[in-house]
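# Architecture and fold: a report
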Amino acid sequence: CHEVDGSTASMAQCYPDIMFVGESKAGSTSIAAYMLAHPQVIMQTMDGGTDSVNRTLGGPTLGDKQFSWEVHVFDKHFAPDYALVAANWITAPRIPAESVGDYLQLHYTPNYIYFPDTPFHIADLYPNSQSIKYFAILRE
């Protein structure tokens, strides 16, 4: 995790603890929604995870899958590493610094399974890549 610069309160952003990859129409959205229903699971989203953090901290609940759930950080072919890192921090939720370690952060983009360079980018750019729990959702 790292502290977010320029904020009035002490806020932090972290790397994901859980990553989803898989096939389309295999149920990954349902599984992600079930996990997100737990109060200690937050999600990286296109809006910076605000929906899941607000829900976790007592704000509105999420309905069905929203398009902002899929963050598409690692499916950009030929993007330089600094662009991928920037995309990660844009989508990572900001949480109170004193709450770091209280939540599991979910990164959800099922189509990563179609991008063979994704595992290498994750290993290169996420210092916690060895401890992330990866879920590969497949179907016949």
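Preceding block: the structure.
What you are looking at is a predicted structure, and each value in this text was computed from that prediction instead of being measured.

For the rest of this paragraph, the subject is the overall build of the chain. Looking only at helices and strands, one finds four helices and seven strands in the chain. Starting at the N terminus and ending at the C terminus, the chain contains elements arranged as β-β-β-α-β-α-α-β-β-α-β. Counting only residues that meet the buried cut, the chain has 44% of its 140 residues in that class. Across the chain, every contact between residues at least 6 apart in sequence was considered, and the portion connecting residues at least 24 apart equals 76%.

What follows concerns the state of the cysteines. Note on terminology: a disulfide is the covalent bond linking the sulfur atoms of two cysteines. Counted according to the given criterion, the structure contains one disulfide. Linked covalently through their sulfurs, Cys 1 and Cys 14 form a disulfide whose S-S length is 1.8 Å. On the S-S bond that ties Cys 1 to Cys 14, the torsion sits near 100°, and the link is right-handed. You can see Cys 1 sitting in the segment before strand E1 (2-3) and its partner Cys 14 sitting in the loop between strand E2 (11-13) and strand E3 (18-22), a full 13 residues away along the chain. A relative accessible area of 55% means that Cys 1 is categorised as exposed. Under the relative-accessibility criterion, Cys 14 is labelled buried at 10%.

Pairing in this open sheet of four strands is parallel, and the strands run E4-E6-E3-E7 from one edge to the other. In the strand order of this sheet, the two ends are held by strand E4 (41-43) and strand E7 (133-137), each with one partner. Shown here is a sheet whose adjacent strand axes are inclined to one another by a mean of 25°, direction ignored. Pairing of E4 with strand E6 (residues 104-108), which is carried by three bridges, proceeds in the parallel orientation. Residue pairing across strands places Ile 42 opposite Gln 105, the latter belonging to E6.

All of the buried residues in helix H3 (residues 81-91) are Leu 84, Ala 87, Asn 88, Trp 89 and Thr 91. Lining the buried residues of H3 we find E1, E2 and helix H4 (118-125).

So, how was this worked out
Residues numbered from 1 in each chain as written. Predicted model: local features only at pLDDT ≥ 70, side-chain atom pairs only at ≥ 80, totals over all residues. Heavy atoms only, no water. Helix = DSSP H or I, 4+ residues; strand = E, 2+ residues; numbered from the N terminus. Buried < 20%, exposed > 50% of the residue type's maximum accessible area, 1.4 Å probe, protein only. Contact = heavy atoms within 4.5 Å. Disulfide = S-S within 2.5 Å. Pairing = 2+ DSSP bridges. Axes fitted to C-alpha atoms, helices over the stretch in contact; angles between N-to-C directions.

From the geometry alone we can't say anything about function, so treat these as descriptive.
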